[in-house]
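# Structural characterization, general
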Amino acid sequence: MFVVVGATGNVGRTLASTLATSGAAVTAVSRGRGPGAAPEGIRHHRADLEQPESLRPVLAGAEALYLLVEGAGAHLDMREILRVAAAGGVKRVVLQSSQAVATRPDSPSHAPLRAIEDLVRRSEFGWTILRPGGFASNSFAWTESVRGKRTVAAPFGDVGLPVVDPTDIAEVAAAVLLHRSHDGRTYELTGPALRTPRERVADLAAALGEPIDFVDQTPDEAREQLLRFMPPPVVEGTLAILGAPTEAEQRISPDVSEVLGRSPRPFAAWATRNIDAFR
């Protein structure tokens, strides 16, 4: 049995469905409840990583755990989470981390994730670490302005990053969980090409069939907006990546292709698949 933590998110929901389609037994774990808490037909367990004991019932007899921590995981007792997993018989852990753990090693915004990676590597489990870059699905932040005004305001409009489709992350995660040959590996997951915010808005407009105006935000305007739902260190780390990415952050990683045997999906494909959210 595979346990997928964070099963209501862009990655976890698709991962749980992909594993179930392969014939694997899957339990989806999230803090929510109700009909939308897990993909249809998949067992759901309500638990909170901030309360590791809440995981004990679902981890008993599990073979592997997909671990996604919200934010930077600063408030989690990861040692206790791993102890509960070991007590349940879990043999393998796949951790969804972040590319910035490697590209911004001195950034305080990702120090907690770096510490979690270190704990997983030093644990008794077989492990694999996934480090995705920026998510294509971050563009859902534009839905309200596109719906209401056919406008997107974003900073650093001409700075490109190889944003990754969450479905590709989920499919890589499924392959890693299903095949132990990936144990001990760390994969960096990106899209197939650099795409600027202005170009991503153009992709959305093409999928929508209507023009969308792009408005350049100042960094201060973006900072004010992000601080509404992110802690200050994460905001500063995010703006640093968006505005002045390193060579490593603009690198097109081969890892999606290596694991899946195909190229990663471009942003335009994500836009087409999700365009109803912007209508």
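Below is a summary of the structure that appears in this document. (Residues numbered from 1 in each chain as written. Predicted model: local features only at pLDDT ≥ 70, side-chain atom pairs only at ≥ 80, totals over all residues. Heavy atoms only, no water.)

Within this structure, the stated rule accounts for 4 aromatic pairs. Aromatic pair Phe-140 and Phe-278: ring centres 6.0 Å apart, planes at 15°, arrangement stacked. Remark: Phe-278 occurs in the segment after α12 (267–273) and Phe-140 occurs in the loop between β6 (126–132) and α6 (143–149); sequence separation between them is 138 residues. Judged by relative accessible area, Phe-140 falls into the partly exposed class, the value being 28%. What makes Phe-278 buried here is its relative accessible area of 1%. Both rings, one in Trp-270 and one in Phe-278, keep their centres 6.2 Å apart while their planes meet at 75°; by these two values the pair is edge-to-face. Each member of the pair, Trp-270 as well as Phe-278, is classed as buried. Three or more aromatic residues joined by ring pairs make a cluster, and in this case those are Phe-140, Phe-267, Trp-270 and Phe-278. Lying across the ring of Phe-267, Arg-200 places its NZ or CZ 5.9 Å from the centre. (Phe/Tyr/Trp six-rings, centres within 6.5 Å; stacked < 30°, edge-to-face > 60°. Helix = DSSP H or I, 4+ residues; strand = E, 2+ residues; numbered from the N terminus. Buried < 20%, exposed > 50% of the residue type's maximum accessible area, 1.4 Å probe, protein only. Lys NZ or Arg CZ within 6 Å of the ring centre and 35° of its normal.)

One non-glycine residue, Arg-150, adopts positive backbone phi at about 50°. The topology assignment puts Arg-150 in the loop between α6 and β7 (151–155).

Before going further, it helps to spend a moment on helix α5 (residues 111–122). Under the 1.5 Å per step criterion, the end-to-end length of α5 is 17 Å for 12 residues, consistent within 8% with the ideal 16 Å. Tucked inside the fold, the buried residues of α5 contact α3 (78–87), β5 (92–96), α4 (100–103) and β6. (Expected span 1.5 Å × (residues − 1). Contact = heavy atoms within 4.5 Å.)

So, about the layout of surface pockets. Roughly 260 Å³ of internal volume is contained in the second largest pocket. Residue lining of the second largest pocket: Ala-141, Trp-142, Glu-144, Ser-145, Lys-149, Thr-151, Val-152, Ala-153, Gln-217 and Gln-225, and that is the complete set. Listing elements by their share of the lining of the second largest pocket, those giving two or more residues are α6 and β7. Residue classes in the lining of the second largest pocket are distributed as 4 nonpolar, 4 polar and 2 charged. (1 Å grid on protein atoms, 1.4 Å probe; cavity = no way out; pocket = protein on both sides within 12 Å on 5 of 7 lines; lining within 4 Å. Points joined across faces, edges and corners; volume = space filled by probe spheres on them. Nonpolar A, V, L, I, M, F, W, Y, C, P; charged D, E, K, R; others polar.)

The subject of this paragraph is the pattern of salt bridges. Taken as a whole, this structure holds 24 salt bridges when the rule is applied. The salt bridge involving Arg-180 is made with Asp-183; its shortest N-O contact spans 3.3 Å. Among the ionic pairs, Arg-198 bridges to Asp-216, the shortest N-O distance being 3.1 Å. Placement of the pair is Arg-198 in helix α8 (residues 197–208) and Asp-216 in strand β9 (residues 213–217), with a sequence separation of 18 residues. What emerges from the salt-bridge pattern is a single network uniting Glu-53, Arg-56, Glu-80 and Arg-83. (Salt bridge = Lys/Arg side-chain N within 4 Å of Asp/Glu carboxyl O.)

Glancing now at the packing of α3 against α5. Packed helix pairs are specified by the crossing angle of their axes together with the interaxial distance, meaning the distance between the axes. Closest axis-to-axis distance for the α3/α5 pair is 10 Å, and the angle between their directions is 30°. The pairing of α3 with α5 is recorded here as roughly parallel in orientation. The element α3 and its partner α5 pack so that their crossing is right-handed. Within the contact between the two elements, α3 uses Met-78, Arg-79 and Leu-82 and α5 uses Ile-116, Leu-119, Val-120 and Arg-122. Looking at side-chain class alone, the contact of α3 with α5 contains 5 nonpolar, no polar and 2 charged residues. (Axes fitted to C-alpha atoms, helices over the stretch in contact; angles between N-to-C directions. Parallel < 35°, antiparallel > 145°, perpendicular 65-115°, else oblique. Left-handed = near helix turned anticlockwise from the far one by under 90°.)

Attention now moves to helix α7 (residues 166–178). For α7, which comprises 13 residues, the first-to-last C-alpha distance of 18 Å matches the rise-based estimate of 18 Å (1.5 Å per residue) to within 8%. Extensive coverage of α7 is indicated by the burial of 11 of its 13 residues. Every buried residue of α7 is listed here: Pro-166, Thr-167, Asp-168, Ile-169, Ala-170, Val-172, Ala-173, Ala-174, Ala-175, Val-176 and Leu-177. The backbone nitrogen of Thr-167 lies 2.9 Å from a side-chain oxygen of the residue at the head of α7, namely Asp-165. (Polar contact = N/O pair within 3.5 Å; in protein donor to acceptor, adjacent residues only side chain to side chain.)

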